[in-house]
Amino acid sequence: MDKKNLRTATLLVHQGRDRDPATGAATIPIYQASTYHHIGGESGSYDYARSGNPSRDQVEEAIALLEGGVRGFAYASGMAAVGSALSLFKSGDHLLASRDLYGGSWRYLTGVLPQQGITVEFVDTTNAQAVEAAITPQTRGLFLETPTNPLFNITDLRTMVEIAKRHGLLTLLDNTFMTPLLQPSLPLGIDVVIHSATKFLGGHSDLLAGVVTTADPELAKQLKYFQNAFGAVLAPFDCFLLARGIKTLKLRLEAAQTNAQILAERLADHPAIARVYYPGLADFPQRTRHFAQASGAGAVLSFALKSEARVKPLLQEVKLPIIAPSLGGVETILTHCWSMSHAAIPAATKNSLGIGPELLRLSVGIEDVEDLWEDLAEGLKAND
């Protein structure tokens, strides 16, 4: 059976390898080995764990199958995945990136890449003309998020791919918010897809991981070289946790997305809320663009309170959400973007982007939505 022909829900469960070839065990063993015996002095499929491990092979094959890639790569964190994908660029290159994106990515793009001689310019990627105007003879790539974190600006991926191909640029997409389930992006023409697998793919807030995949064999060869040279690979036990998490992605994400839709609608009608950012809302400005490339609105939303003074009472009052800079777990996670997920971005830059101190991000979990709403409503009441 060619697993590439299987539907996504089936791929999530069976992945690239769904049983141990040696014993028939229903899970791939945790190969907790750093090195491998060279029989007769000859190297086999595995020689050293940095270069390859059967546990890691499973999740790397899984992400490639789910996104439609030729090869996948698993790393020790989401930022290790971002940095490794950006290894495709070299000194003298110019990179364009979405204006508002995850704070950790912003820190890497502004603090690490310039030390490597790579210049980065932030541009409104929802505006094709602005992107075209920012391209220089040195531009080599586009680094994208859609929806952006945390303002949910929607970039038309097909348009970005068309621009990139015309100018000979690579397209890299952080697809963490949407996952391969809701927004498979390689079929849209994106060159490299990145996920913080710590989030929805793992799904239980119990591991740190990142994955990358591509449909281009030459790019895959370069990514593999850097992965082996740099060595920021995912450990065998974390591979096991990630493979297990991926199996339930569809059930978890669909349940969380249903809850998110209900909460977004109720928050939008609440007198303490100035604005809700969520593609599932009927009046979301870029709703049509989003659903032209994604099959769902996702399980994350942002909302702005009517004043900064309302933030602390809410964070102090709510009991169910974890107050933390993360997302994608089975539990609801409430994030104060200004001081947590986007703390690395200077205040003036955050203000210019519209990321104010009154903005919060809510990664909705799979709890009973009525319990979540009662808790949030009580917290918002503390603002009255």
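Heads up: the structure comes first, above all this text.
On a predicted model such as this, the values are computed, not experimentally measured, just so you know.

A. Spatial organisation of the packing of helix H10 (residues 249-268) against helix H14 (residues 369-381). Between H10 and H14, the least distance of the axes is 10 Å, while the angle of their chain directions is 30°. In terms of their interaxial angle, H10 and H14 are classed as roughly parallel. Pair H10 / H14 crosses with right-handed handedness. Of the residues in H14, those in contact with Asn259, Ile262, Leu263, Arg266 and Leu267 of H10 are Val369, Glu370, Leu372, Trp373, Leu376 and Leu380. A per-class count over the contact of H10 with H14 returns eight nonpolar, one polar and two charged.

B. Up close: the packing of helix H3 (residues 78-85) against helix H4 (residues 103-111). One way to put it is that H3 packs onto H4 with a least axis distance of 10 Å and a crossing angle of 35°. Seen along the crossing, H3 lies across H4 with a hand that is right-handed. Residues Met79, Val82 and Gly83 of H3 lie in contact with H4, whose contacting residues are Gly104, Ser105 and Tyr108. The residue makeup of the contact of H3 with H4, split by class, is three nonpolar, three polar and no charged.

C. Region of the structure containing the sheet that holds strand E6 (residues 192-196). Read across the open sheet, the seven strands follow the order E1-E7-E6-E5-E4-E2-E3; overall the sheet is mixed. The two strands at the open ends of the sheet, each matched to only one other strand, are strand E1 (71-75) and strand E3 (119-123). On average, each strand axis in the sheet is tilted by 20° relative to the strand beside it, whichever way the strands run. Pairing geometry for strand E2 (residues 94-98) and strand E4 (residues 139-145), over four bridges, is parallel. Note that in E4 the partner of His94 across the bridge is Thr139.

D. Here's a closer look at the sheet that holds strand E10 (residues 322-323). With respect to topology, five strands assemble into an open sheet ordered E8-E9-E12-E11-E10, the strand pairing being mixed. Each end of this open sheet is capped by a strand with a single partner; those strands are strand E8 (273-277) and E10. Here four bridges tie strand E11 (residues 333-336) to strand E12 (residues 359-363), and the two strands are oriented antiparallel to one another. Across the sheet, the residue bridging to Thr335 is Arg361, located in E12.

E. Unusual backbone geometry, seen in detail. The residue after Thr146, namely Pro147, is reached through a cis peptide bond having omega -5°. Its location among the elements puts Pro147 in the loop between E4 and helix H6 (157-167). Following Asn149, the chain continues to Pro150 via a peptide bond in cis, the omega torsion being 20°. We note that Phe152 has phi near 60°; this positive angle belongs to a residue other than glycine. With respect to the secondary-structure elements, Phe152 resides in the loop between E4 and H6.

F. Representation of the environment of Gly298 in the model. Locating Gly298 in the fold gives a position in the loop between helix H11 (287-291) and strand E9 (300-305). Between the C-alpha atom of Gly298 and that of Ser55, which follows or precedes it by 243 residues, the distance is 29 Å.

G. Structural view of H6. Every buried residue belonging to H6 is among Leu157, Met160, Val161, Ile163 and Ala164, and all of these are buried. Burial along H6 is one-sided: seen end-on, the buried residues are contained in an arc of 165°. Of the surrounding elements, those touching the buried residues of H6 are helix H5 (128-134), E4 and strand E5 (170-174). The distance from a side-chain oxygen at the start of H6 to the backbone nitrogen of Arg158 is 3.1 Å, and the residue carrying that oxygen is Asp156. Trailing H6 by a residue or two, Gly168 shows a phi angle of about 70°, which is positive.

Calculation criteria
Residues numbered from 1 in each chain as written. Predicted model: local features only at pLDDT ≥ 70, side-chain atom pairs only at ≥ 80, totals over all residues. Heavy atoms only, no water. Axes fitted to C-alpha atoms, helices over the stretch in contact; angles between N-to-C directions. Helix = DSSP H or I, 4+ residues; strand = E, 2+ residues; numbered from the N terminus. Parallel < 35°, antiparallel > 145°, perpendicular 65-115°, else oblique. Left-handed = near helix turned anticlockwise from the far one by under 90°. Contact = heavy atoms within 4.5 Å. Nonpolar A, V, L, I, M, F, W, Y, C, P; charged D, E, K, R; others polar. Pairing = 2+ DSSP bridges. Buried < 20%, exposed > 50% of the residue type's maximum accessible area, 1.4 Å probe, protein only. Arc of directions from axis to C-beta. Polar contact = N/O pair within 3.5 Å; in protein donor to acceptor, adjacent residues only side chain to side chain.

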